[in-house]
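Overview (structure and organization)
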Amino acid sequence: MTQIKMIVAGPRGKMGQEALRMIEKEDKFKLVACIDRKHGGSKVKDVSGLPASDAVIYTDAEQCLSEVEADVLVDLTTPEFGYKHTKLALENGVRPVVGTTGFTEEQMVELTNLAETKKLGAVIAPNFAVGAVLMMQFSKWAAKHFQDVEIIEKHHDQKLDAPSGTAVKTAELIKEERESHPQGHTDEKETLEGARGADVDGMKIHSVRLPGLVAHQEVVFGGLGQTLTIKHDSHHRESFMSGVNLAATEVMEIDVLVYGLEHLLD
Ligand SMILES: NC(=O)c1ccc[n+]([C@@H]2O[C@H](COP(=O)([O-])OP(=O)(O)OC[C@H]3O[C@@H](n4cnc5c(N)ncnc54)[C@H](O)[C@@H]3O)[C@@H](O)[C@H]2O)c1
Ligand SMILES: O=C(O)C1=N[C@H](C(=O)O)CCC1
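Note that the structure is predicted; figures quoted are calculated from it, not measured. (Residues numbered from 1 in each chain as written. Chains lettered and ligands numbered in written order. Predicted model: local features only at pLDDT ≥ 70, side-chain atom pairs only at ≥ 80, totals over all residues. Heavy atoms only, no water.)

This paragraph deals with the sheet that holds strand β10 (residues 215-223). Strand order in this open sheet of five strands is β8-β9-β7-β10-β11, and the pairing throughout is mixed. A strand with exactly one partner marks an edge of an open sheet, and here the two such strands are β8 (198-200) and β11 (226-234). Strand-to-strand twist in this sheet, taken as the mean axis angle between neighbours without regard to direction, amounts to 20°. In this sheet, β11 lies alongside β10 in antiparallel orientation, the contact comprising nine bridges. When the bridges of β11 are listed, Val220 appears paired with Thr229. The sheet contacts of helix α5 (residues 130-142) involve β10 and β11, and relative to β11 the element is tilted by about 165°. (Pairing = 2+ DSSP bridges. Helix = DSSP H or I, 4+ residues; strand = E, 2+ residues; numbered from the N terminus. Axes fitted to C-alpha atoms, helices over the stretch in contact; angles between N-to-C directions. Contact = heavy atoms within 4.5 Å.)

Spelled out as structure tokens, the structure:
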């Protein structure tokens, strides 16, 4: 069996550690290197808490992606470095699988064009949990029948970006079905700035950040005499790993960038 050779960026992070455990368990994957801010030149197995792998850690992403023979980069870092790593991967013929959220629209367009030029598969998925992908798809469907909606996303308090990538993607999917219009009372005034949340075409997004949370979202639709709430909870980061596994496998079969795991699910 030909193994898929993987680089993981952000191996000591909450998601990075889960990804290393998932890769270690799967015969079809082989960890060949990691990109980290620390421990350059060390082996993964020499860093406390990481699996027993001989893969070498690089602090220079460009050096790693140009020197190491790899098929896939899994990026689980920060918006700033995730973008840089994804671009470097594509420039060096490595297929990116990106969980990092918070990319701008301009960055998404640039990366999509770069993948097309290079004829390389790439996956950028704001949420790798299958339940969250279904929650987003159900919300798109519900938006055909309910025009008024608010999104409440709740995450742990170490998250850098707001709103979450999942909330942004959910709003984009709903926009495909919902006529742009203001919601709430026409004379509505905020007496405390931000009280009504962020605005996307009149629909509102509210971001909650608290210790104890992992990743949660409620999409609340309102109609005459009824509401519909579509809710998903990730209680553990293991919930994302079947999606990372699927993306790292399927990215080898495509030659364009896809945004969202739904493009790879049956
Ligand atoms: N798509 C999904 O399903 C999903 C799920 C969870 C988290 N996320 C996203 O994944 C990212 C990581 O989340 P997390 O909870 O693991 O965060 P985290 O803060 O626990 O981990 C981030 C890691 O990135 C490392 N890092 C930062 N800059 C780096 C650089 N230049 N080179 C290499 N490593 C670098 C940090 O040292 C840290 O270990 C975030 O953007 C988050 O929004 C996505
Ligand atoms: O922990 C995070 O950060 C998460 N971010 C994703 C997002 O921004 O949508 C979703 C899963 C967890």
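A few words on the site of ligand 1. Taken together, 23 residues lie near ligand 1, and Lys14, Met15, Thr101, Ala125 and Phe128 sit nearest. In the environment of ligand 1, a nitrogen atom lies 2.8 Å from a nitrogen or oxygen atom belonging to the backbone of Ala125. Contact between ligand 1 and Phe128: an oxygen atom at 2.7 Å from a main-chain N or O atom of the residue. If ligand 1 stood free it would expose 860 Å²; the protein chains cover 86% of that surface. According to the grid-proximity analysis, the pocket containing ligand 1 is the largest pocket. Mapped by element, the contributors of at least two residues to the shell around ligand 1 are α1 (14-25) and α3 (79-91). Class assignment of the residues belonging to the shell around ligand 1 gives a composition of eight nonpolar, nine polar and six charged. (Near = heavy atom within 4 Å. Polar contact = N/O pair within 3.5 Å; in protein donor to acceptor, adjacent residues only side chain to side chain. Areas by Shrake-Rupley, 256 points an atom, 1.4 Å probe, with all protein chains shown as cover. 1 Å grid on protein atoms, 1.4 Å probe; cavity = no way out; pocket = protein on both sides within 12 Å on 5 of 7 lines; lining within 4 Å. Sits in = over half its atoms within 2 Å of the grid points. Nonpolar A, V, L, I, M, F, W, Y, C, P; charged D, E, K, R; others polar.)

Under the counting rule described, the total for this entry stands at one cavity of 30 Å³ or more. Within this model, the largest cavity holds a volume of roughly 70 Å³. Around the largest cavity, the lining is made up of 13 residues, and of these Asn127, Ala215, His216, Gln217 and His232 lie nearest the centre. Counting residues per element, the ones that place at least two in the lining of the largest cavity are α5, β7 (148-155), β10 and β11. The element best represented in the lining of the largest cavity is β10, accounting for three residues. Looking at the lining of the largest cavity residue by residue, the class counts come to four nonpolar, eight polar and one charged. (Points joined across faces, edges and corners; volume = space filled by probe spheres on them.)

What follows is about the UniProt feature "active site" (unreviewed entry) in the protein chain. In the numbering adopted here, UniProt assigns the feature "active site" (unreviewed entry) to His155 and Lys159. None of the other annotated residues line the largest cavity; only His155 do. For His155, the position within the fold is in strand β7. Those residues in contact with His155, other than ones at most four positions away along the chain, are Ser164, Val208, Arg209, Leu210, Leu213, Val214, Ala215 and His216. Among the polar contacts made by the side chain of His155, one reaches the side chain of Glu153 at a distance of 2.8 Å. Topologically, Lys159 is positioned in the loop between β7 and α6 (165-175). Since its relative accessible area comes to 19%, Lys159 is described here as buried. A polar side-chain atom of Lys159 sits 3.3 Å from a polar atom in the side chain of Thr101. (UniProt positions renumbered as here; feature names shortened; annotations may be inferred. Buried < 20%, exposed > 50% of the residue type's maximum accessible area, 1.4 Å probe, protein only.)

Quick look at the environment of Gly10 now. Relative to the helices and strands, Gly10 resides in the loop between β1 (4-9) and α1. For Gly10 and His206, which are 196 residues apart along the polypeptide, the C-alpha to C-alpha distance reads 28 Å. If sequence neighbours within four positions are ignored, Gly10 has contacts with Gly16, Ile35, Leu76 and Thr77.

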